Amino acid sequence: MDLIIFHHHFRPGGVRRVIELATPHLVSNWPERISMVVLATGEAPDPAWLRAFRKRLHGHRVKVQVESAFGYVSEMPQNDKTIANRVKAGITRMLRDINRDNCLIWAHNLGLGRNLFLARELTFMCHRSGIRLILHHHDWWFENRWNHFTIMRQTGFRKTLAVARAVLAASPFIAHAAINNADAIILAKHFPGLAGWLPNPVENEALPLAARVEVARKWLCTQIGEESPVWLLPSRLLRRKNICEALLLTRWLRPQAWLVTTGGASSAEERTYAETLAKAAKIQGWRLRLSILQTSKNAQPTIAELLAASEAILFTSLQEGFGLPYLETAAARRPLVARQLPNIAPDLDLFGFTFPQSYSELRVDPVLFDWRAERGRQVRLFAEWKSSMPRAASRLAGKPAVLAAGKDPCPVPFSRLTLTAQLEVLAQPVEFSWDLCANLNPFLETWRKRAAQRRLEITPWPRKAERLLGGMAYAQRFLALLPTSLSQAPPSTASEAAQAEFIRNKLKPENIYPLLWNSRT
């Protein structure tokens, strides 16, 4: 059998990590021999990553098919008709070289909506040809990414129904996989027998050798230019990673520490955020080192080595599909300070994990920023954000926390501020902001004392996690998702109904973050 893996790109990130961890287990546990693994993508993978991926597959043939039209439409100079034609031609070429009677296509993140030509053509061709397809949903275009809908309309997908039929296709040959149970429940409701929960595989690997950890620690000190503790935020430079909150926590809990992030901005729309943050850090002299693995040219430690070499790990994301850093930190036996995300906290609890330094929100005093200006800014940006939505969706949008609070200043979650207001808070003297906010967040006092003594608590790796998240468990869940000759076609309204339910959930007030409205907040 041939296994074809579609992804827009193989840049560092959670999706690539899932592919590299899961594929060896799928290949070794498949009921029949897999003759070839094809990586179909919009840009060539990093050669070092590809070599390591081939090594993981122990001699199985790996073919890479690069078609630039499989990438993000927003990053392509061609017109829409040319892109659509090139997508169709690329899929046709790929299918010409595989065993169409016995193959499976595993397509990642088409629900992000970055290339609806690819989503539409791939799902249509699989439905028409009876080729089994698993649409693996990591992120959604309607989850605080409404700017993507503007691009969709410009490329001919003018109604949400057209988008739903492309990314949530209904066919007896197409199954849908979600990486958290909250999304999986909705999918299973609308695609009975053709949807399921596929939590990311995680390896509780042995800790790196002490010598390698010491090399990583020295490398970190070289990069920041001094011998100081490092608090690591293992993420790309994306708005949803809420990096300013990680910096605020670092300054409050461990003023001597540097906050270090690993990856860079992975798309053009995130560059303004990255540049604004870097400029502010330089002007203010913050102990912040961004994109350490992207900007350093020297031999670099692995992520596992960096985790082990850091004093603590932070994870302050506003939204995640799975939250791999929670588990990678536990595997590294390092303390974690992290936001609780409602869609994945129940899953982490089910896996058996407990995170002693977790919190729901970090509240800040309005004295620390210009309340009146922030409120006016949010009124304008919120209206602009809603104008990018279809009218039916805009009516569902919940009110942001600052606007819901009224005109009188009051404490609000830091995560519910625009980047401008977040930077205003960070510009305040650290002890001044601490004095104003410590009582608003009573859990911080204990954490601060523990951090000063380097006694923040570590999350143990539960036995239950190996049973639920190990490679064998992943392969079994995956195989159970496969469409079969007995699979029934979903209702004709399944695509639109599922997307409508997702949109209602994602537009509730608790899921509204001004930082994500656009890249200019």
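Let me begin by describing the structure that accompanies this report. (Residues numbered from 1 in each chain as written. Predicted model: local features only at pLDDT ≥ 70, side-chain atom pairs only at ≥ 80, totals over all residues. Heavy atoms only, no water.)

Describing the nonpolar core
Phase 1: Counting 131 residues, the largest nonpolar core has F6, I105, W146, Y326, L327 and F478 as its most contacted members.
Phase 2: Looking at this core, the element that brings in the most residues is helix α4 (residues 116–129), giving 7 residues.
Phase 3: Leave out the neighbours within four places in its chain, and L327 touches V202, F322, L348, F353, F355, W461 and L469. (Core = buried A, V, L, I, M, F, W, Y, C linked by side-chain atoms within 4.5 Å. Buried < 20%, exposed > 50% of the residue type's maximum accessible area, 1.4 Å probe, protein only. Helix = DSSP H or I, 4+ residues; strand = E, 2+ residues; numbered from the N terminus. Contact = heavy atoms within 4.5 Å.)

With respect to the sheet that holds strand β8 (residues 230–233)
Phase 1: Strand order in the open sheet formed by 6 strands is β10-β9-β8-β11-β12-β13, and the pairing between neighbours is parallel. The open sheet has two free edges, formed respectively by β10 (288–289) and β13 (357–359), since each of these has just one partner strand.
Phase 2: Relative to β10, strand β9 (residues 258–261) is paired through 2 bridges, and the arrangement is parallel. Its bridge partner lying in β10, L259 is registered against L288.
Phase 3: Contacts from helix α8 (residues 210–224) reach β8, β9 and β10, with the element oriented near 105 degrees to β9. (Pairing = 2+ DSSP bridges. Axes fitted to C-alpha atoms, helices over the stretch in contact; angles between N-to-C directions.)

A short note on the side chain of Q223
Phase 1: Summarising the element assignment, Q223 is placed in helix α8.
Phase 2: A distance of 2.9 Å separates the side chain of Q223 from the side chain of R289, its partner in a polar contact. (Polar contact = N/O pair within 3.5 Å; in protein donor to acceptor, adjacent residues only side chain to side chain.)

Re the packing of helix α10 (residues 271–284) against helix α18 (residues 419–427)
Phase 1: At a minimum axis distance of 11 Å, the contact between α10 and α18 shows a crossing angle of 15 degrees. The pairing of α10 with α18 is recorded here as roughly parallel in orientation. You can see that α10 and α18 cross each other, and the crossing is right-handed. Seen from α10, the contacting residues are Y273, T276, L277, A280 and Q284; seen from α18, they are L419, L423 and A427. (Parallel < 35°, antiparallel > 145°, perpendicular 65-115°, else oblique. Left-handed = near helix turned anticlockwise from the far one by under 90°.)

A closer look at the sheet that holds strand β5 (residues 132–137)
Phase 1: Ordered in space as β3-β2-β1-β4-β5-β6-β7, the 7 strands form an open sheet in which the pairing is parallel. At either margin of the open sheet sits one strand with a lone partner, and together these are β3 (61–66) and β7 (195–197). Within the sheet, the average angular offset between the axes of one strand and its neighbour, ignoring direction, is 20 degrees.
Phase 2: Strand direction decides the pairing type here: strand β1 (residues 2–7) and strand β2 (residues 36–41), joined by 6 bridges, are parallel.

Some remarks on the pattern of salt bridges
Phase 1: All chains considered together, the criterion is met by 24 salt bridges.
Phase 2: Here D139 and R145 are joined by a salt bridge, their closest N and O atoms 3.7 Å apart. Just as D139 is buried, R145 falls in that class too.
Phase 3: One salt bridge in this structure joins R239 and E270, with 3.2 Å as the shortest N-O distance. Linking R239 in the loop between β8 and α9 (243–253) with E270 in the loop between β9 and α10, this pair joins segments that are 31 residues apart in sequence. Like R239, the residue E270 is buried in the burial classification.
Phase 4: It is possible to trace a salt-bridge network through shared partners that takes in E245, R339, E361 and R416. (Salt bridge = Lys/Arg side-chain N within 4 Å of Asp/Glu carboxyl O.)

Read these as geometric descriptors, not functional statements.
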